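# Architecture and fold: a report
Here is what each chain is made of, one letter per residue.
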Amino acid sequence: MNLKFFYFGNQCPHNCYLLARIKTFAWRERVPLHLHDLLDDPRLAAEHRIFSPTMLLVNDKHRWHGPFSNEMVQAMLDDDVEPVGYTVDQSENIVEGSLAPIDAESILTTGTTCAGADDEGLCRGKSEWVREVMSSHALKHLGYVHTRDGKCVGGAEFLPSDVVPYPIPDKRSENVFLTCSYLSDEKNDFRTHPLKRLIADLKSWGYDTLSVAASKDVVFPNGPMRWFEKKGFADKGVLVTEDLHMAEIHYMQLHL
């Protein structure tokens, strides 16, 4: 038995507590654990075809992205796990709430939406990460947080291609990568408003393309891809298929 946990620094608020969770599990159950920050060695992302902020690899067989429970980890160790694909009907009702540029302060408001709890502390690591990226790349912001009635309901976050450790096909400096585009459900579309504003900024800053990794049918990651097709993104082909998530992940790109 063995566990390997890959993570993209503090790009996602989930990363910090999932790192603590898997360390505790491995110590308690006496399972060998190997930790890999993709920022330290992006070659691992290419080797394992990783296109999300976290991936747990169990027994070099089961690949799981995003939040996990101790019970789920044990089930994968026992080879007792079934694929789960999460789908949501995408509403055409575009909601236009308030937008705040993503910076070290505004990202602290995203705990409920991004980390599942109304706890600013869960976003502290992300906040420092945002500050470092903005400073090192002289960026005014990393996208937009979308709020309604004082609560975060979604947003759009981007990164310059050279910051992204994922093996995306287009690493030109003129291309930027959409790391997060959330949320929409059967009643409301909270994604369009922040994305539209972000696209306008990227055009004015001189970028010529915006790309994203999106699942064909399920929500993980950033899916479904038909939502992006309606926004003018072109399908550039399959990046990887994640069996446990029932996700066929495509690379998509928009000419700005």
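Just above sits the structure.
Residues numbered from 1 in each chain as written. Predicted model: local features only at pLDDT ≥ 70, side-chain atom pairs only at ≥ 80, totals over all residues. Heavy atoms only, no water.

### Some remarks on the overall build of the chain
Within the chain, the regular secondary structure consists of seven helices and 11 strands. Compactness check: the chain gives a C-alpha radius of gyration of 18 Å against a globular reference of 18 Å for 256 residues, within 12% of the reference. The C-alpha extent of the chain, read off along each of the three principal axes, is 50 × 35 × 35 Å. Buried positions account for 52% of the 256 residues belonging to the chain. A separation of at least 24 residues holds for 66% of the contacts in the chain among residues at least 6 apart in sequence. (Helix = DSSP H or I, 4+ residues; strand = E, 2+ residues; numbered from the N terminus. Rg over C-alpha atoms; globule rule 2.2 N^0.38 Å. Buried < 20%, exposed > 50% of the residue type's maximum accessible area, 1.4 Å probe, protein only. Contact = heavy atoms within 4.5 Å.)

### A word on the pairing of strand β10 (residues 234-242)
Each regular strand carries side chains that alternate between the two faces of the sheet. Bridge analysis of β10 against strand β11 (residues 247-255) gives six bridges, and the strand direction is antiparallel. Directly across from Thr241, in β11, lies its bridge partner Glu248. In this antiparallel pair of consecutive strands, β10 and β11, the connection spans four residues, and Met246 shows a positive phi of 55°. (Pairing = 2+ DSSP bridges.)

### As for the side chain of Gln253
Positionally, Gln253 belongs in strand β11. A polar atom in the side chain of Gln253 sits 3.0 Å from the side chain of Asp170. In this structure Gln253 touches Asp170, Asn175, Thr209, Leu210, Ser211, Gly232, Phe233, Ala234 and Lys236, once residues within four positions along its chain are discounted. (Polar contact = N/O pair within 3.5 Å; in protein donor to acceptor, adjacent residues only side chain to side chain.)

### Some details on the side chain of Thr192
Positionally, Thr192 belongs in helix α6 (residues 192-204). Note on Thr192: relative accessible area 11%, which makes it buried. Here the side chain of Thr192 touches Lys231 through a polar contact of 2.8 Å, side chain to side chain. If we ignore the near neighbours within four places in the chain, the residues touching Thr192 are Ile94, Trp227 and Lys231.

### Points about the environment of Thr241
Its location among the elements puts Thr241 in strand β10. Since its relative accessible area comes to 43%, Thr241 is described here as partly exposed. Separated by 25 residues in sequence, Thr241 and Lys216 place their C-alpha atoms 9.9 Å apart. Apart from the residues lying within four places of it in its own chain, the contact partners of Thr241 are Ala247 and Glu248.

### Considering the sheet that holds strand β6 (residues 143-148)
Pairing between sheet strands relies on hydrogen bonds along the backbone, with the strands arranged either parallel or antiparallel. Ordered in space as β5-β6-β7-β8-β9-β11-β10, the seven strands form an open sheet in which the pairing is mixed. Lying at the two open borders of the sheet, with one neighbouring strand each, are β5 (98-101) and β10. Averaged over all pairs of adjacent strands, the angle between strand axes in this sheet comes to 25°, irrespective of strand direction. Bridging between strand β7 (residues 151-160) and strand β8 (residues 175-182) involves six bridges; their strand directions are antiparallel. The partner of Leu159 across the bridge, within β8, is Phe177. With respect to the sheet, α6 is in contact with β5, β6, β7, β8, β9 (209-215) and β11, its orientation differing from that of β6 by roughly 150°. (Axes fitted to C-alpha atoms, helices over the stretch in contact; angles between N-to-C directions.)

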